[in-house]
Amino acid sequence: MSHTLGIRQAQKQKTRQALLDAALELLEEQSLSSLGLREVTRAVGVAPTAFYRHFRSTADLGVALVEEAVGGLHPMIRTTVSGADDHDQRITRAVQLIAGHVAEYPAHVRFIARERHGGVQPVREAIRGQLARFGEEVRAELAKDPESAGWSEDDLLMLANLYVDQMLITASLFLEALEATEEERERVVQVATRQLRLISIGRDHWLD
């Protein structure tokens with residue numbers, strides 16, 4: 001009996017993942033608010049009623065996509081602001097990590113960029129919640145730096161959110177440059193590096 005249940009559970013998880021993958025592919029060309037569940041189930045080859053065994057609505061599916069797209073990024077975000085290196089090394093590492101992630105998961109990055117201000121409220125709230133968590137994690141890392149001595153918690157969180165916002169902007173720049181020439185991609189690296197360096201310079205002089 002337990003073996004049969006295990007097979008059923010594995011099949012259920014496989015179908016759920018197939019629905020997520022199909023939705024993500026369909027969302028390459030449209031927003032979540034215009035996506036119909038019949039489109040998704042047709043792409044997977046299951047009946048529309050099967051959709052509700054996994055998700056309550058397309059909004060619920062969108063929230064699951066947020067978890068899939070953003071949930072695994074927390075260690076990377078913390079790494080980009082780790083105090084192990086000096087500012088320039090930290091910035092270089094951050095830009096490289098973001099570029100690599102965009103190259104590996106462009107559809108997830110595009111989904112977050114589009115739906116962050118999209119028309120599906122639960123998804124906007126899910127993204128906002130994940131970004132708020134990023135902000136708190138970055139704040140905790142920044143607090144470990146000697147340069148943070150004398151900073152208030154509110155100011156550290158403000159700085160953390162600046163870094164998080166800039167990382168999203170950088171990801172969007174790399175997303176737009178995926179089909180660009182090597183020279184154009186290098187230009188994105190230079191711009192992203194300068195923008196992050198500007199935040200670091202402001203940080204150095206904030207308490208002046």
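Above this text is the structure in question.
Only a predicted model underlies this, so the values are computations on that prediction, with no experimental measurement involved.

Q: When you look at the overall build of the chain in this model, what are you seeing that I'm missing?
A: Along the chain, the regular secondary structure elements total ten helices and zero strands. Each helix and strand of the chain, ordered N terminal to C terminal, gives the series α-α-α-α-α-α-α-α-α-α. Projecting the C-alpha coordinates of the chain onto the three principal axes gives extents of approximately 65 × 40 × 35 Å. For the chain, the proportion of its 208 residues judged to be buried stands at 40%. The long-range fraction of contacts in the chain, counting pairs at least 24 apart against all pairs at least 6 apart in sequence, stands at 65%. Within the structure as shown, the chain displays about 11600 Å² of accessible surface, and the carbon and sulfur contribution to it stands at 53%. Side chains of the chain carry 24 positive and 31 negative charges; the gap between the two charge centres is 9 Å.

Q: Explanation requested: the environment of Val63 in the structure shown.
A: Residue position: Val63 is located in helix 4 (residues 58–70). Residue classification places Val63 among the partly exposed positions, given a relative accessible area of 24%. C-alpha of Val63 to C-alpha of Phe174: the two residues are 111 residues apart in sequence and 24 Å apart in space. Not counting the four nearest positions on each side in its chain, Val63 is found in contact with Pro122, Val123 and Ala126.

Q: It is not clear to me how the packing of aromatic side chains should be interpreted in this structure. Could you clarify?
A: Each aromatic ring pair is characterised by the separation of its centres together with the angle its planes make. A full pass over the atoms with the stated rule returns three aromatic pairs. Pairing Trp151 with Trp206 gives two aromatic rings, centres 6.3 Å apart and planes at 35°, and the pair type is tilted. Within this pair, whereas Trp151 is found in the loop between helix 8 (121–142) and helix 9 (153–176), its partner Trp206 is found in the segment after helix 10 (182–205), the two being separated by 55 residues in sequence. In this structure an aromatic cluster arises from ring pairing among Phe51, Tyr52 and Phe55.

Q: I keep staring at the side chain of Thr41 and nothing clicks. Help me out?
A: In this fold, Thr41 is placed in helix 2 (residues 37–44). Classification of Thr41 by relative accessible area gives buried; the value is 1%. Sequence-distant contacts of Thr41, defined by excluding residues within four places in its chain, comprise Leu19, Val46, Ala47, Pro48 and Phe51.

Q: Looking at this structure, how should I read helix 6 (residues 87–104)?
A: Every α-helix winds through 3.6 residues per turn, so residues three or four apart in the chain are directed the same way. Compared with the 26 Å implied by 1.5 Å per residue over 18 residues, the 26 Å span of helix 6 between its first and last C-alpha is a close match. Those residues of helix 6 lying buried are His87, Arg90, Ile91, Arg93, Ala94, Val95, Ile98, His101 and Val102. Its buried side turned inward, helix 6 meets helix 5 (74–80), helix 7 (106–115), helix 8, helix 9 and helix 10.

Here is what the cut-offs are and how they apply
Residues numbered from 1 in each chain as written. Predicted model: local features only at pLDDT ≥ 70, side-chain atom pairs only at ≥ 80, totals over all residues. Heavy atoms only, no water. Helix = DSSP H or I, 4+ residues; strand = E, 2+ residues; numbered from the N terminus. Buried < 20%, exposed > 50% of the residue type's maximum accessible area, 1.4 Å probe, protein only. Contact = heavy atoms within 4.5 Å. Areas by Shrake-Rupley, 256 points an atom, 1.4 Å probe, with all protein chains shown as cover. Lys, Arg positive; Asp, Glu negative; His and termini not counted. Charge placed at Lys NZ, Arg CZ, Asp CG, Glu CD. Phe/Tyr/Trp six-rings, centres within 6.5 Å; stacked < 30°, edge-to-face > 60°. Expected span 1.5 Å × (residues − 1).

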